[in-house]
Number of protein chains: 2
Amino acid sequence: MAGITVVGIGPGSLLDMTPRARAAIEHAEVVAGYTTYIRLIEPLLADKEVIGTGMMHEIDRCRMAVEAAASGKETVVVSSGDAGVYGMAGLVLELVLQREVAERPHFGGVIAGVSAVNAAASILGAPLMHDFAVISLSDLLTPWETICKRAEMAAAGDFVIALYNPKSKKRVQHIEEIRRIALKYRDPETPVGIVTAASRAEQAKTISTLADFTKETINMFSLVIIGNSQTYVKEGWMLTPRGYGKKESGL
Amino acid sequence: MAGITVVGIGPGSLLDMTPRARAAIEHAEVVAGYTTYIRLIEPLLADKEVIGTGMMHEIDRCRMAVEAAASGKETVVVSSGDAGVYGMAGLVLELVLQREVAERPHFGGVIAGVSAVNAAASILGAPLMHDFAVISLSDLLTPWETICKRAEMAAAGDFVIALYNPKSKKRVQHIEEIRRIALKYRDPETPVGIVTAASRAEQAKTISTLADFTKETINMFSLVIIGNSQTYVKEGWMLTPRGYGKKESGL
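Residues numbered from 1 in each chain as written. Chains lettered and ligands numbered in written order. Predicted model: local features only at pLDDT ≥ 70, side-chain atom pairs only at ≥ 80, totals over all residues. Heavy atoms only, no water.

A. Local environment of the overall build of chain A. When its secondary structure is counted, chain A shows seven helices and 13 strands. For 251 residues, the compact-globule estimate of 2.2 N^0.38 gives 18 Å, and the C-alpha radius of gyration of chain A, at 20 Å, lies within 12% of that figure. Counting only C-alpha atoms and orienting by the principal axes, one finds that chain A spans roughly 55 × 35 × 30 Å. Counting only residues that meet the buried cut, chain A has 63% of its 251 residues in that class. In the form shown here, chain A has an accessible surface area of approximately 9,400 Å², with 53% of it arising from carbon and sulfur atoms. (Helix = DSSP H or I, 4+ residues; strand = E, 2+ residues; numbered from the N terminus. Rg over C-alpha atoms; globule rule 2.2 N^0.38 Å. Buried < 20%, exposed > 50% of the residue type's maximum accessible area, 1.4 Å probe, protein only. Areas by Shrake-Rupley, 256 points an atom, 1.4 Å probe, with all protein chains shown as cover.)

B. Looking closely at the relation of the copies chain A and chain B. Least-squares fitting of chain A to chain B yields an RMSD of 0.0 Å, with the transformation described by 0.0 Å of translation along the axis and a rotation of 180 degrees. Each copy turns onto its partner about a two-fold axis. Interface overlap between copies: 100% of the residues of chain A at the interface are likewise at the interface in chain B, consistent with a symmetric, same-surface contact. (Least-squares fit on C-alpha atoms with pLDDT ≥ 70 in both. Contact = heavy atoms within 4.5 Å.)

C. Region of interest: the pairing of strand S9 (residues 191-196) of chain B. Residue and element names in this part refer to chain B. Of all six residues in S9, six are buried; the element is thus mostly enclosed. Here S9 shows no split at all, with Pro-191, Gly-193 and Val-195 on one side and Val-192, Ile-194 and Thr-196 on the other all buried. Bridge count between S9 and strand S10 (residues 204-209): six bridges; the pairing is antiparallel. Bridged to Ile-194 within S10 is Thr-206. Bridge count for S9 against strand S11 (residues 222-226) is five bridges, and the pairing is antiparallel. Following the sheet pairing, Ile-194 is matched in S11 by Val-224. (Pairing = 2+ DSSP bridges.)

D. Just the nonpolar core, in detail. Judged by nonpolar contacts, the single largest core of 50 residues is most densely connected at Ile-135 and Leu-163 of chain A together with Ile-135 and Leu-163 of chain B. Not counting chain neighbours up to four residues away, the residues in contact with Ile-135 of chain A comprise Tyr-86, Ile-147, Arg-150, Ala-151, Ala-154, Ile-161, Ala-162, Leu-163 and Tyr-164 of chain A together with Asp-131 and Phe-159 of chain B. Within the second largest apolar cluster, 40 residues are counted, among which are Val-114, Val-117 and Ala-120 of chain A together with Val-160 of chain B. (Core = buried A, V, L, I, M, F, W, Y, C linked by side-chain atoms within 4.5 Å.)

E. Representation of the interface of chain A and chain B. Contacts between chain A and chain B engage 76 residues on the former and 76 residues on the latter. Summed over both partners, the interface of chain A with chain B comes to about 6,300 Å²; 59% of that surface belongs to carbon and sulfur atoms. Linking Arg-242 of chain B and Glu-58 of chain A is a salt bridge whose minimum nitrogen-to-oxygen distance equals 2.2 Å. Sort the elements by how many residues they give to the side of chain A that touches chain B and helix H4 (residues 89-98) of chain A lands first, with eight residues. Considering only residue class, the side of chain A that touches chain B consists of 38 nonpolar, 21 polar and 17 charged. Bridge analysis of strand S7 (residues 132-136) of chain A against strand S7 (residues 132-136) of chain B gives three bridges, and the strand direction is antiparallel. (Buried area = accessible area lost by both parts, 1.4 Å probe. Salt bridge = Lys/Arg side-chain N within 4 Å of Asp/Glu carboxyl O. Nonpolar A, V, L, I, M, F, W, Y, C, P; charged D, E, K, R; others polar.)

F. Geometry of the pattern of salt bridges. Under the criterion given, the structure shown has 24 salt bridges over all chains. A salt bridge links Arg-150 of chain B to Asp-158 of chain A; the nearest nitrogen and oxygen atoms lie 3.9 Å apart. Taken together, the positions of Arg-150 of chain B in helix H6 (residues 144-156) and Asp-158 of chain A in the loop between helix H6 (144-156) and strand S8 (160-164) put the pair across two chains. Each member of the pair, Arg-150 of chain B as well as Asp-158 of chain A, is classed as buried. It is possible to trace a salt-bridge network through shared partners that takes in Asp-131, Asp-158 and Arg-186 of chain A together with Arg-150 of chain B.

G. Up close: the packing of H6 of chain A against H6 of chain B. Close contact between H6 of chain A and H6 of chain B brings their axes to 9 Å; oriented N to C, the two are set at 180 degrees. Taken together, the axes of H6 of chain A and H6 of chain B are roughly antiparallel relative to one another. In contact with Lys-149, Met-153 and Ala-156 of chain A of H6 of chain A, H6 of chain B contributes Lys-149, Met-153 and Ala-156 of chain B. Broken down by class, the residue content of the contact of H6 of chain A with H6 of chain B amounts to four nonpolar, no polar and two charged. (Axes fitted to C-alpha atoms, helices over the stretch in contact; angles between N-to-C directions. Parallel < 35°, antiparallel > 145°, perpendicular 65-115°, else oblique.)

Structure below.
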């Protein structure tokens, strides 16, 4: 029976996509995904039916994909990074489970990918070596007060903080408010790393400080990592030691 | 010049290792890593020098690897999952930077892998679709009070909470204390997923509740994911909707 599988394609380059993900895409007759991500896997798409529309229609795109699978076509829905982190895994699974059992395509599961936060961290050095919190600043589906409360808790708990969707054309002040919240708990000199378009041709990285990082270029393809109280920068690398009580891990 | 690269091999199966990671291992003359992980990549190690010792000697193992690279042998240090999350990335980078510039091997960077938390989530369904916090319960290098404070902040902030190193033979009560902390903020019926040995032959998954999950089998190869206030279970899948105000993402 035809099925639908959700695939994390990794941050960008095909070199960062797992063989399991690649095989699922190669095996599929229909591939659905946000157009930007479809372009990243163009070499794998010859002779396939592609459902690629803009960001605003993701529910419709996933519905079409579930429909394609139900009609007998082996289908994958792709997300950049890991499909389970702000990706399409949940939406597709919900859409499949909503259908009457007799009308459901087989759910082929979720294939994990290298998440954007891990890709960004690897480019900065080793900023996530200790406990971390991942927060999206998009308030399309989450109240802004909830997001601020989370940033406050993460800052108070001395988590390394990774911010997804830090800024868009319409949303430029949110990152400033998060900065103010973090400054209540952390030194202005706390290192902050910014990676834009990790693992793609236009990849860029910047290391700044909590005091100044919002002056840097940040856009919707950026991931921002705010260090914890132990994070330091050495020769252009951002490092969080594994433990406490020493800036370098027991060396 | 020979260099040293830190490689995340993914959660277990070679199908979940990126081509970039695989190429780095294949290209290396020396491969260092915890013996359990070395076994996972055995098929790639023919004719290579292997530095594999027990968990307790990881600093020595990394020192030997840096030494091997400095002596002119192309070297990789492998970590399971992503090398930047409780892995070897930070330690190796610190050891390289500690050396006099003239005596340093080239640092080839960190190659990101599929992190254990993403692998576990993909097996459970889609529990991480919203903001999440990652906490290790190992108190070898971090004071237990700090870990509890973090769990408290993560629970108060309604983060999905992923627990690494939830339990070992010597450390069996920590998970109970985290459960008590979470219960101060969350419903006893909150779904909790447990995945052990993700992506390996002995992979196992269980979905339980915050009230009862510590009665399940949990060991040092388990990853525990505690849902947020919106997380639900449907037909054996654990799902966190992307937003608030509706249990199913705007469908």
